[in-house]
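# What the coordinates show
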Amino acid sequence: MKQPFPFSAIVGQDEMKQAVILTAIDPSIGGVLVFGDRGTGKSTAVRALAALLPPIIAVENCPINAERHADCPDWAENVGKVTHEIPTPVVDLPLGATEDRVTGALDIEKALTQGQKAFQPGLLAKANRGYLYIDEVNLLEDHIVDLLLDVAQSGENVVERDGLSIRHAARFVLVGSGNPEEGELRPQLLDRFGLSVDVASPTDIEERIEVIRRRDAYENDNSAFMLRWQAEDAAIRDRIIGARAALKKLSATDAVLRDISQLCLTLGADGLRGELTLLKAARAFAAYRDDTALARVHMRAVAAMALRHRLRRDPLDEAGTGTRVMRVVEEVLA
């Protein structure tokens, strides 16, 4: 089976790559919403990042990829006694998925043939400790999106129906992508994603040529191409591992908290999710740069992706919410 495209070989799309790296460093930032043109590397970036992350330790045949045998759910069958290394899971959620398929449900076959009431785990179980990717999330039914965001925030999937009462860990990074021309997410749902990124097709001809050149090499000379980018991917992996360890050492001073609150107040962001996400994203960015103190430069770098989707639309401002955020950043953090 061909390995995913190397993360470091993706041309451009720097903000999207930075957003998924930050969530790999600190999954509590929340999911990433990527809106933009088709064919701009959205799903490629998710698979590529998951492939470069270190493998996880999981109990053999555990349906939720538990690290220890004690963490395997009691409803799981044929769970092994030993652990082994597996790649970071990346699970695709198709548009037509039912709630039963997502959360898991009563195993109908066992109920009919053996008369047993057993739980058949769903996609949330498979995604535990990894990524759940939804292409065209803006076309997914609202109640499924609500469900996903609730589970992503709580880290637990609860199934209470058909006589079943099941709970299991479901900690994953939710990545949704879509084209805004085909429909938008409700503001209440937008606010539940940690980061938001806009992507567009490259307009520079040299950049487009480089995209085609690398993709062609990946498909026609795969071994040499993967070898070419191996060191760059390893360097990113090492920086992510180092940043995870450094996160707790980066405390937020009163001045940093004041800057973050002033930014959100000036922008008119509803609620407090904006402040919390901006703080976590800035801290992860500082850790990735191996900086030892949280400062305004880190807030500037992540403010747009943390706040642009939390603003109310201004029909008189055609510049877009990302530009509005950066205008306020320049005023407040001057």
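The shown structure was predicted, so the numbers you read here are calculated from the model rather than taken from an experiment.

Thresholds, definitions, all that
Residues numbered from 1 in each chain as written. Predicted model: local features only at pLDDT ≥ 70, side-chain atom pairs only at ≥ 80, totals over all residues. Heavy atoms only, no water. Buried < 20%, exposed > 50% of the residue type's maximum accessible area, 1.4 Å probe, protein only. Helix = DSSP H or I, 4+ residues; strand = E, 2+ residues; numbered from the N terminus. Pairing = 2+ DSSP bridges. Expected span 1.5 Å × (residues − 1). Phe/Tyr/Trp six-rings, centres within 6.5 Å; stacked < 30°, edge-to-face > 60°. Salt bridge = Lys/Arg side-chain N within 4 Å of Asp/Glu carboxyl O. Axes fitted to C-alpha atoms, helices over the stretch in contact; angles between N-to-C directions. Parallel < 35°, antiparallel > 145°, perpendicular 65-115°, else oblique. Contact = heavy atoms within 4.5 Å. Nonpolar A, V, L, I, M, F, W, Y, C, P; charged D, E, K, R; others polar. Core = buried A, V, L, I, M, F, W, Y, C linked by side-chain atoms within 4.5 Å. Arc of directions from axis to C-beta. Left-handed = near helix turned anticlockwise from the far one by under 90°.

## Considerations on the pairing of strand E11 (residues 195–199)
- For E11, the buried fraction is high: four of the five residues fall into the buried class.
- One ladder, built from five bridges, connects strand E1 (residues 32–36) with E11; its direction is parallel. Paired with phenylalanine 35 across the strands is aspartate 198, a residue of E11.

## A few points about helix H6 (residues 142–154)
- With 13 residues, H6 ought to run about 18 Å at 1.5 Å a step, and its terminal C-alpha atoms sit 18 Å apart, in line with that.
- Turning to H6, its buried residues number three or more, namely Ile144, Val145, Leu147, Leu148, Leu149 and Val151.
- A positive phi of about 75 degrees marks glycine 155, the residue just after H6.

## Quick notes on the packing of aromatic side chains
- With the rule as written, the count across this model stands at five aromatic pairs.
- Residues phenylalanine 5 and tyrosine 218 carry aromatic rings whose centres are separated by 5.1 Å and whose planes lie at 70 degrees to one another, so their mutual orientation is edge-to-face. Remark: tyrosine 218 occurs in helix H8 (residues 205–220) and phenylalanine 5 occurs in the segment before helix H1 (14–25); sequence separation between them is 213 residues. Residues phenylalanine 5 and tyrosine 218 agree in their burial class; the two are buried.

## Overview of the pattern of salt bridges
- Within the structure shown, the criterion is met by 13 salt bridges.
- Between aspartate 71 and arginine 68 there is a salt bridge whose closest N-O contact spans 2.9 Å.
- Salt bridges linked by common partners bring Glu15, Asp198 and Arg308 together as one network.

## Focus: the packing of H1 against helix H12 (residues 296–307)
- In contact at an axis separation of 11 Å, H1 and H12 are set at 90 degrees when each is read in the N-to-C sense. Classified by the angle between their axes, H1 and H12 sit roughly perpendicular to one another. Between H1 and H12, the residues in contact are Glu15, Gln18, Ala19 and Leu22 and Ala301, Val302, Ala304 and Met305, respectively.
- Residue composition of the contact of H1 with H12, by class: six nonpolar, one polar and one charged.

## A short note on the nonpolar core
- Ranked by internal contacts, the top residues of the largest apolar core, which has 67 residues, are Phe7, Leu22, Leu49, Tyr131 and Ile240.
- With nine residues, the single largest contributor to this core is helix H11 (residues 273–288).
- The residues touching isoleucine 240, leaving out its near neighbours within four places in the chain, are Ile21, Ala24, Ile25, Leu49, Leu52, Leu53 and Tyr288.
- By size, the runner-up hydrophobic cluster in this structure holds 26 residues, among which are Leu33, Leu93, Ala97 and Leu185.

## Describing helix H10 (residues 254–267)
- Here H10 spans 20 Å end to end across 14 residues, near enough to the 20 Å set by a 1.5 Å rise per residue.
- Considered for burial, the residues of H10 that qualify are Val256, Asp259, Ile260, Leu263, Cys264 and Leu267. End-on, the buried residues of H10 take up no more than an arc of 125 degrees, which puts them together on one face. Exposed side of H10, more than 90 degrees from the buried face: Asp254, Ala255, Arg258 and Leu265 are the residues found there.
- Where H10 is buried, its residues contact H11, H12 and helix H13 (321–332).
- Phi turns positive one or two residues past the end of H10, at glycine 268, with a value near 75 degrees.

## Overview of the packing of H1 against helix H2 (residues 42–52)
- Contact geometry for H1 and H2: axes closest at 10 Å, N-to-C directions at 35 degrees. As H1 runs across H2, the sense of the crossing is right-handed. Where H1 approaches H2, its residues Met16, Val20, Ile21 and Ala24 are matched on the opposing element by Lys42, Ala45 and Leu49.
- The residue makeup of the contact of H1 with H2, split by class, is six nonpolar, no polar and one charged.

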